Every structure is written in C-alpha cells, then in structure tokens.
Amino acid sequence: MNFKYLISAGGALFLSLASCKKESESPKEELPELGTCVSVSPSGRLAMSGTNSFTYITPGGGEIYVDLEGTIVIKHNFYENFKLEFWGGIEDDSNPIISANHENLNGKHIKDRIGKNWSIIFPDGVKVTFTSAGKDQPVLSVSIYDGSEIHHFNATCHSLEYSSTSSPFVNELDALQPDGETSTFEFTDTGLTLWNIYIEDAVNKRVEKRQRLGELSRDNPNQVNDYYDDAKLDHT
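Residues numbered from 1 in each chain as written. Predicted model: local features only at pLDDT ≥ 70, side-chain atom pairs only at ≥ 80, totals over all residues. Heavy atoms only, no water.

Peer 1: I tried to follow the packing of aromatic side chains on my own but got confused; where do I start?
Peer 2: Geometry of an aromatic ring pair is reported as the spacing of the ring centres plus the angle between the planes. Counted by the stated rule, this structure contains eight aromatic pairs. Residues Phe54 and Phe153 carry aromatic rings whose centres are separated by 5.0 Å and whose planes lie at 55° to one another, so their mutual orientation is tilted. Remark: Phe153 occurs in strand S11 (residues 149-154) and Phe54 occurs in strand S2 (residues 53-57); sequence separation between them is 99 residues. Overall, the relative accessible area of 5% leaves Phe54 in the buried class. One aromatic cluster is present, formed by Phe78, Phe82, Phe122, Phe185 and Phe187 through successive ring pairs. Against the face of Tyr228 rests Lys111, its NZ or CZ located 5.1 Å from the ring centre. Lying over the aromatic face of Tyr145, Lys127 brings its terminal NZ or CZ to 5.3 Å of the ring centre. (Phe/Tyr/Trp six-rings, centres within 6.5 Å; stacked < 30°, edge-to-face > 60°. Helix = DSSP H or I, 4+ residues; strand = E, 2+ residues; numbered from the N terminus. Buried < 20%, exposed > 50% of the residue type's maximum accessible area, 1.4 Å probe, protein only. Lys NZ or Arg CZ within 6 Å of the ring centre and 35° of its normal.)

Peer 1: So what exactly am I meant to see when it comes to the sheet that holds strand S1 (residues 46-48) here?
Peer 2: Two orientations exist for strands paired in a sheet by backbone hydrogen bonds: parallel and antiparallel. Spatially, the seven strands line up as an open sheet ordered S1-S2-S3-S4-S5-S6-S7, and their pairing is antiparallel. Looking at which strands have only one partner, the edges of the open sheet turn out to be S1 and strand S7 (108-112). Between one strand axis and the next, the sheet turns by 25° as a mean value, whatever way the strands run. Here strand S6 (residues 97-105) runs beside S7; their pairing, made up of four bridges, is antiparallel. The residue bridging Asn104 from the neighbouring strand is His109, located in S7. (Pairing = 2+ DSSP bridges. Axes fitted to C-alpha atoms, helices over the stretch in contact; angles between N-to-C directions.)

Peer 1: Please clarify how the pairing of strand S15 (residues 205-217) should be interpreted in this entry.
Peer 2: Regular strands place side chains that alternate from one sheet face to the opposite one. Direction of pairing for strand S14 (residues 191-202) relative to S15: antiparallel, over a ladder of ten bridges. Bridge assignment links Leu192 to a residue of S15, and that residue is Leu216. Between the end of S14 and the start of S15, which pair antiparallel, lie two residues, with Asn204 showing a positive phi angle near 65°. Here three bridges tie S15 to strand S16 (residues 224-226), and the two strands are oriented antiparallel to one another. Pairing of Leu216 across the sheet is with Val224, part of S16.

Peer 1: Sorry, what's going on with the nonpolar core here?
Peer 2: A general trend in soluble globular proteins is that nonpolar side chains are found buried together. In this structure, Ile64, Ile74, Phe82, Phe86, Phe130 and Phe153 are the most contacted members of the largest nonpolar core, which totals 35 residues. At four residues, strand S5 (residues 79-90) tops the list of elements feeding residues into this core. If we skip the residues at most four places from it in the chain, Ile64 touches Phe54, Thr55, Tyr56, Thr58, Val73, Ile74, Phe122, Val126, Val128 and Ile144. (Core = buried A, V, L, I, M, F, W, Y, C linked by side-chain atoms within 4.5 Å. Contact = heavy atoms within 4.5 Å.)

Here is the structure:
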C-alpha cells in the first residue's frame, strides 16, 4: 500500500471538507441600518393591506393596522367591537405625514399624546411603538416587537425598512426607541379596560404609573367611559 498516496489523499479530503464547511456557513447578520428609506418585503405575520398600509396579526388574536399616510388602529378578535385608533396628520397634499397624536377608543377622543413616543402592549406581549420629535409632531417610525419577530417602518418616507421573523437584534433595536407613554388593554368579565401602565422617556428609565383611561361594556356596546381628564379636549 502506498502510504504517501493515503496521506496525500487524506489531506486533500480534509481541505475539501473544510472548504465545504466554510461555503455552507451563512454570513453573520449585521445590525440593520435604519433611516435609509430602502423598502423590504414584509415577512412572518406582517402583510400588505394597500399601497402604504400593513396589517399584523398577533399570536393571541390582536390586529395592528398601520397606514403610513393615515392612522394606526388596534383591534382584537376576542372583543369584536373594540377599536383603538391613533390619528392625526400634517397637511401636505404631495406627501401625507401621519402624526397619530390623538387617541380614540371606539370613536371617542380619550386623550392626546403627552410626549414623544407612544407604545401599546397587547395581552399576548406584542408591543407596537411609534416615535416622534414631540407630542404634536409627525411620527418618525413605527416598530412592532413580537419575540424575535420585528418589523420597522420609516413613516417619513412611507417605507418598511426592516422585517425579520428571527432577528438577533431585539434588544439593540428596542434600545433605540424608548417606549414613551405606554398603555395596554385588559379583558374583564364585563368588557374591556384601557390603561396607561408606565412612562419610559429614556431607555431603562421607567416610571410605573397605572392609570385607567377608558372602559367598554359588552352589555352596552355603544357606551365608552372616559376616565382621563385631558385639559386640551372640550369634552373633559
């Protein structure tokens, strides 16, 4: 037996396997660059609803409708008549700009945004955050966080800039956006209650503040109880 041949062949096989291993390894994903206005295709639970609108269905049956030229609407299939709407915009015929600084519960204007950012947390833990430069300023971005599934919209140029079902950058991207005024909704034996639960104006600097905002009753679906005293609104 020719041992020199075996050594040579074994070395060639090792080099071949090493080469195949390198080629089969996927390139390491890099932190996405946001603010580029470069659009990507929606993935996972996110789907396009129109030219500049998208719908996201959460694992627990919630629905997030994002119209980058109009409104952000929250619904849930456990409560058919529930509708939380964030609306308002800057008049610009050539480029409609969403501000989403007004909050309606089933059509009733409950309050206006009190700071730069606004977040809503669903009962299943999904969070949607939209950022702005101020309480009456246009929305700059809208982000949906669902475990490792993340979707990020640039509202200024109406673009979906990042969409991943298994993002390794959950903490990094979330840290770029303080939650701001954060609310949630809870299902009760009689209906649904909307709460503010904390304010986070800087990352990891959260001030717990649970405050009831509004309430719905299944027995009286047309009634909306408003518990927030917003001095800017005529009806309060």
